[in-house]
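# Examination of the molecular architecture
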Amino acid sequence: MSKTVLVTGSTGNLGSAVTRALINIGFLVKAASTDPGKISPANGVQPVKMVFEDPTTFDAAFSGVDSLFLIALPMDPEAPEKLKPIIDKAASRSIEHVVFNSALGVDQNEEAPLRIVERFLMNSGLSYTILRPNFFMENFSTGFAAPLIKDQNGIFLAAGDEKTSFISTRDIAEVAALSMDGKHNKKEYNLTGPEALDHYEVAQTISDVSGREVTYHSLTEDAMLEGARSAGMPEGSVQYMGLLYSIVRAGYMAAVTHDVEQVIDRKATTFSEFARENANLWK
C-alpha cells in the first residue's frame, strides 16, 4: 500500500513541485493549503485545509499521513512560532519521517528563524532530513521577480555584483521525494545549482532565450526595501528580505555543492537549461 505524505505549502513553487515528484515515485499526497478549494484533485492528491496559525486544522490534515514535507512561509520571521506546533503534532502522531525545507547558510547563525526550527526538529525525536537550498531559479519565471521582468524588462534587486548558485525547485523536489523513505535520517543537505551566476548573467540568459532585452538594475538596499513596502510586503518580511540580500552581497550565496547529485544521481539543472525550458514564460 502506498504511503501518504502531507505536503505543506502545496500551492507554492516548491510545494507543487514536491507533490509532483512524490506522485511520480509512488507516494500519495495530502496537499495542504489555507484554501484547499484552489487545489484541483488529481490521481493520488487529496486537498486538505491546514492553517499554520490554527492548530484546530492539524488533526484532519495529519489523519492517515505517514510522512511530512514542511516548509515555512516565504521570508517569515515568525517561522519558529508557526512551525514548532506542527512538529509537535507530527511527533504526537508518530510520523515516520519529516523533510524540512530550510535555507542555505542558516546553520551558520543559531538565531536565524529557520535554524531555530531546524534545532527544534533535531531535538523532537522524529526521523528527519533537512534541506537547505539556495535561491530558487523559479523566482525569475513564476516567483516574485517575474512580474517586473515581464512588465518592465528588468530585475530590480540589491544583490550587487556578487554571484548566487541558483537552484531549480524541480531538483529540490526530487531530493525531497527521495528523502521520504527514511534512509536519509539525520541528513542535512546544502542544495545549490552547479554554477554561481551574478544577476547580470541571469538577465543576459533570460534575454537570450526570450528575445526581449532584460536588464539587471543593482539597487541600494533602501530602494529595494521601499519597493517591497510599496508592493504591500509586511514589514517583518521586508526586513528579512534585507538580511537575505545583504548575505548575497557579502558573497556567501556563491558556494557550489554536489549534494543534489549525491541524492538524485544526476547533475543539478543549470540556469541555461532552466531558462530554455521556461522561455515562453518571459515572452
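As the structure is a computational prediction, the values presented were derived from the model and not from experiment.

### A word on the packing of helix α3 (residues 79–92) against helix α4 (residues 113–122)
Between α3 and α4, the shortest axis-to-axis distance is 9 Å and the interhelical angle comes to 20°. By the angle class used here, α3 and α4 are roughly parallel. Considering the relative orientation of α3 and α4, their crossing is right-handed. In this structure, α3 contributes Ala79, Pro80, Leu83, Lys84, Ile87 and Asp88 to the contact, and α4 contributes Pro113, Leu114, Ile116, Val117, Phe120 and Leu121. In terms of residue class, the contact of α3 with α4 is built from 10 nonpolar, no polar and 2 charged.

### Some remarks on the environment of Gln46
With respect to the helices and strands, the residue Gln46 is situated in strand β3 (residues 45–49). Considered as a pair, Gln46 and Lys30 are 16 residues apart in the sequence and their alpha carbons are 4.8 Å apart.

### As for the side chain of Ser33
Its location among the elements puts Ser33 in strand β2 (residues 28–33). For Ser33, a relative accessible area of 9% corresponds to the buried category. Within the structure, the side chain of Ser33 is placed 3.0 Å from the backbone nitrogen of Asp35, a separation counted as a polar contact. Each residue touching Ser33, except ones within four places of it in the same chain, is listed here: Ser10, Thr11, Ile39, Val48, Lys49 and Met50.

### Observations regarding the packing of aromatic side chains
For the structure on display, the rule yields 7 aromatic pairs. Relative to Tyr245, the ring of Phe135 has its centre 5.2 Å away and its plane inclined at 50°; by these criteria the two rings are tilted. Note that Phe135 is positioned in the loop between β6 (128–133) and α5 (146–152) and Tyr245 in helix α9 (residues 235–249), a separation of 110 residues in sequence. By relative accessible area, which is 3% here, Tyr245 ends up buried. For the pair Tyr200 and Tyr216, a centre-to-centre distance of 4.7 Å together with 75° between the ring planes defines the contact as edge-to-face. A residue pair is termed long-range when its members are at least 10 positions apart, and Tyr200 in helix α7 (residues 199–210) and Tyr216 in strand β9 (residues 215–218) qualify at 16 residues. Classification of Tyr216 as buried rests on a relative accessible area of 5%. Put simply, the rings of Phe140, Phe166, Phe271, Phe274 and Trp282 touch in pairs and so form one group of aromatic residues.

### Some points on the environment of Glu213
Positionally, Glu213 belongs in the loop between α7 and β9. Residue classification places Glu213 among the exposed positions, given a relative accessible area of 57%. The spatial distance from the C-alpha of Glu213 to the C-alpha of Glu138 is 19 Å, given a sequence separation of 75 residues. Discounting chain neighbours no more than four positions away, the residues touching Glu213 are Asn153 and Ser207.

### Concerning the packing of helix α1 (residues 13–24) against helix α6 (residues 169–178)
The N-to-C vectors of α1 and α6 enclose an angle of 50°; their axes lie 8 Å apart at closest approach. By the angle class used here, α1 and α6 are oblique. Seen from above, α1 lies across α6 with right-handed handedness. Each of Asn13, Leu14, Ala17, Val18, Ala21 and Leu22 in α1 lies in contact with α6, whose residues at this interface are Thr169, Ile172, Ala173, Glu174, Ala176 and Ala177. Looking at the contact of α1 with α6 residue by residue, the class counts come to 9 nonpolar, 2 polar and 1 charged.

Procedures and definitions
- Residues numbered from 1 in each chain as written.
- Predicted model: local features only at pLDDT ≥ 70, side-chain atom pairs only at ≥ 80, totals over all residues.
- Heavy atoms only, no water.
- Axes fitted to C-alpha atoms, helices over the stretch in contact; angles between N-to-C directions.
- Helix = DSSP H or I, 4+ residues; strand = E, 2+ residues; numbered from the N terminus.
- Parallel < 35°, antiparallel > 145°, perpendicular 65-115°, else oblique.
- Left-handed = near helix turned anticlockwise from the far one by under 90°.
- Contact = heavy atoms within 4.5 Å.
- Nonpolar A, V, L, I, M, F, W, Y, C, P; charged D, E, K, R; others polar.
- Buried < 20%, exposed > 50% of the residue type's maximum accessible area, 1.4 Å probe, protein only.
- Polar contact = N/O pair within 3.5 Å; in protein donor to acceptor, adjacent residues only side chain to side chain.
- Phe/Tyr/Trp six-rings, centres within 6.5 Å; stacked < 30°, edge-to-face > 60°.

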